[in-house]
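# Coordinate analysis (summary)
The residues making up each chain are set out below.
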Amino acid sequence: MKVLVSVKRVIDYNVRIQVKPDGSGVVTDGVKMSMNPFDEIAMEEAVRLKEKGKVTEIIAVTLGGAKNEETLRTALAFGADRAVHVKEEGEIQPLTAARALAAVVKKEGAQLLLTGKQAIDDDANQTGQMTAALLDVAQATFASKIEIEGSKATVTREVDAGLETLEVDLPAVITTDLRLNEPRYLKLPDIMKAKKKPIETVSLADLGVSPAAGLKTVTTTPPPKRSKGVMVKTVDELVAALKAKGLVS
Amino acid sequence: MSKVLVIAEHADGKLNAGVSKTVAAAQKIGGEIHVAVFAADGAAVAAQAAQIAGVSQVLKADHAAFANPLASALDKPVVELAAGYTHVLLPGTTFGKDLAPRVAARLGVAQVSDVMAVHGPSKFDRPIYAGNAITTVEAPAGQIVATVRLASFTAAATGGSATITAVSPAASLPAHTRYLKLEAQKSARPDLQSATRVVSGGRALGSADAFKLIYDFADKIGAGVGASRAAVDSGYCPNDMQVGQTGKIIAPELYFAIGISGAIQHLAGIKDARTIVAINKDAEAPIFEVADIGLVGDLFQLVPELQSKL
Ligand SMILES: Cc1cc2nc3c(=O)[nH]c(=O)nc-3n(C[C@H](O)[C@H](O)[C@H](O)COP(=O)(O)OP(=O)(O)OC[C@H]3O[C@@H](n4cnc5c(N)ncnc54)[C@H](O)[C@@H]3O)c2cc1C
Ligand SMILES: Nc1ncnc2c1ncn2[C@@H]1O[C@H](COP(=O)(O)O)[C@@H](O)[C@H]1O
């Protein structure tokens, strides 16, 4: 069984985001970029499924400009066998990404698409679900546990009320949540080996995909600042401060 | 003129509190507001939805396929009912996030996630980068599918009396998906997402046993209980308690962050809290940069003392 894993290149989660003063976006120049953390979790899960013999081939796919090759090399170091780079400069929004992922899933005959539940840059939380709908296959979002038996997957999902369990037939799209696994640290030999693995480059047009009309960003602003708080020294002072604000009686 | 269809979330015959907040966002868009209830038997939920002020009609779609909130059973029926509406709004809960993109994809339109302010029928504010930037976006021409960031809206009033209309969109259970079970945390405590007071504990608690300190304090002041990702990952408390960018976004009047460092991903969930109180032994912890009241010290001493003095 082939599994496809989508990996997005985003600003590293540790970076303090700076909004450009002219409102045109956030500063990306000279900023550390990494694989979206949820996609690392998806990669890790794919590798574990392969180690368990449930998966025969892992294909990583990214959409974006030339620099996304770094993200694919990371995926290959995790253990992807090969990679597909849908090369398009400029912003790619979820519906377009979903159309492209659906096309790659079909082209590869992948039985499983693993995506992150959300990209930590746009925080959209859309692409996996959109892809599942476009492919008319089962979806299980926000997965914290995946068990594959034959052509079925049993997925535990983190929902607001607790943990929900679905059984889905493959092919399916599963989106990963934080507690699915803890991604491994990449070792130097794996990083070296990844350099030799094949990356196929295609365009949206090659995939027969036309970009969807997207949201237009009018302006980007920093969030409102919270006013400076006070430090208290004792519990009594804390109680007094809460009382002064009318928060406790 | 706008015509907005709000998709109701519900469980056990009760309308989710997020629905009236979603209606509040719809009111900002303006025009006519209808609520659609998909259920096996939606009578009770439809009656509750009909009482939300500003809603003129409730569409009640009863079908066995809607017994559980399955996105792949709901998307086509939503699309069918959405004909004639300018907007389809869903609450920004795991239910709404699971379903909305499928509806948008089937309609072939972009989705606006986590609407936090409405500037016009197609112009919205939404957070990106864990709320460290806010973008104003303009949706392209066509129907608009959006989820609503619940912490940004005050629930619409009650006292409405919408008409309830039975509708029957084509429905069937998808052959590829079986709903097995929901393991819900039953708790008598206020619901995290609507509580006016919330007490959250972090990695500092050190064990599930020690986390009782947080529950006890919360119970003393009638608060809901939350947690950082580290506390959930370490198994001190269940997953549905995680507050943050990838957990629940909350807006209580009073928030206690206890033994939580204040990572940006955690702060993303509490930006709308009215008053943030932080207790942490590290005076340099980033949580103090956003706290309205900060107290440096050992939580294992300070929290019981605070509890006894409130
Ligand atoms: C993609 C992604 C998404 C994430 N989403 C979320 C999210 O939604 N929510 C979330 O919370 N995190 C999220 N995180 C994790 C986040 O980055 C932090 O790792 C996490 O919030 C840290 O939890 P913490 O503050 O409990 O632990 P720590 O950062 O370890 O902080 C513990 C704090 O306790 C203090 N302390 C220790 N002992 C005591 C004591 N006896 N008394 C008082 N204070 C004490 C320490 O000084 C320290 O500040 C996410 C991370 C990633 C990569
Ligand atoms: N440009 C992209 N390249 C690769 N994967 C993507 C891209 N955009 C979205 N995805 C995938 O879709 C998931 C959800 O993204 P989003 O819907 O943008 O929050 C991500 O975690 C990725 O797995």
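The coordinates are above.
Residues numbered from 1 in each chain as written. Chains lettered and ligands numbered in written order. Predicted model: local features only at pLDDT ≥ 70, side-chain atom pairs only at ≥ 80, totals over all residues. Heavy atoms only, no water.

What follows deals with the environment of Ala103 of chain A. Residue and element names in this part refer to chain A. For Ala103, the position within the fold is in helix α3 (residues 94–108). Since its relative accessible area comes to 17%, Ala103 is described here as buried. Sequence separation between Ala103 and Ala172 is 69 residues, and the spatial gap between their C-alpha atoms is 14 Å. Those residues in contact with Ala103 that sit more than four places away from it in its chain are Leu207 and Val209. (Helix = DSSP H or I, 4+ residues; strand = E, 2+ residues; numbered from the N terminus. Buried < 20%, exposed > 50% of the residue type's maximum accessible area, 1.4 Å probe, protein only. Contact = heavy atoms within 4.5 Å.)

A few words on the pairing of strand β10 (residues 172–176) of chain A. Residue and element names in this part refer to chain A. Burial runs high along β10: five of the five residues are buried. Here β10 shows no split at all, with Ala172, Ile174 and Thr176 on one side and Val173 and Thr175 on the other all buried. Note that strand β6 (residues 112–116) and β10 share five bridges and pair parallel. If you follow Leu113 over to β10, its bridge partner there is Val173. Relative to β10, strand β7 (residues 138–149) runs parallel, the two being bridged by four bridges. Paired with Ala143 across the bridge in β10 is Thr176. (Pairing = 2+ DSSP bridges.)

The next thing to look at is the packing of aromatic side chains. In the structure shown here, the tally under the stated rule is three aromatic pairs over all chains. Consider the rings of Phe217 of chain B and Phe256 of chain B, whose centres lie 5.0 Å apart with planes at 80°: the pair is edge-to-face. In this pair, Phe217 of chain B sits in helix α5 (residues 212–221) while Phe256 of chain B sits in strand β16 (residues 254–258), placing the two residues 39 residues apart along the sequence. Phe256 of chain B sits in the buried class, given a relative accessible area of 1%. If you follow Lys117 of chain A out to its NZ or CZ, it ends over the ring of Phe142 of chain A, 5.6 Å from the centre. Positioned above the aromatic ring of Tyr85 of chain B, the side-chain terminus of Lys3 of chain B is 4.7 Å from the ring centre. (Phe/Tyr/Trp six-rings, centres within 6.5 Å; stacked < 30°, edge-to-face > 60°. Lys NZ or Arg CZ within 6 Å of the ring centre and 35° of its normal.)

At the junction of the two partners, chain B supplies 87 residues and chain A supplies 75 residues. Across the chain B/chain A interface, buried area totals approximately 6800 Å², and carbon plus sulfur atoms make up 55% of it. Applying the counting rule to chain B against chain A returns nine salt bridges. A salt bridge links Arg179 of chain A to Asp233 of chain B; its shortest N-O distance comes to 2.8 Å. Counting the contacts that link chain B with chain A gives 41 residue pairs in polar contact (both at pLDDT 80 or more). Its residues assigned to classes, the side of chain B that touches chain A shows 42 nonpolar, 20 polar and 25 charged. (Buried area = accessible area lost by both parts, 1.4 Å probe. Salt bridge = Lys/Arg side-chain N within 4 Å of Asp/Glu carboxyl O. Polar contact = N/O pair within 3.5 Å; in protein donor to acceptor, adjacent residues only side chain to side chain. Nonpolar A, V, L, I, M, F, W, Y, C, P; charged D, E, K, R; others polar.)

Attention shifts here to the pattern of salt bridges. Tallied over the full model, the rule gives 37 salt bridges over all chains. One salt bridge connects Glu69 of chain A with Arg73 of chain A, and the closest N-O pair in it is separated by 3.2 Å. Linking Glu69 of chain A with Arg73 of chain A, this pair stays in helix α2 (residues 68–78), spanning four residues, or about one helical turn. The exposure class assigned to Glu69 of chain A is partly exposed, which follows from its relative accessible area of 37%. One salt bridge in this structure joins Asp169 of chain A and Arg178 of chain B, with 2.6 Å as the shortest N-O distance. You can see Asp169 of chain A sitting in strand β9 (residues 162–169) and its partner Arg178 of chain B sitting in strand β13 (residues 177–184), one on each of two chains. Judged by its relative accessible area of 22%, Asp169 of chain A is partly exposed. The exposure class of Arg178 of chain B is partly exposed, given its relative accessible area of 27%. One connected set of salt bridges, linked through shared partners, spans Asp136 of chain A together with Asp75, Lys76, Arg102 and Arg106 of chain B.

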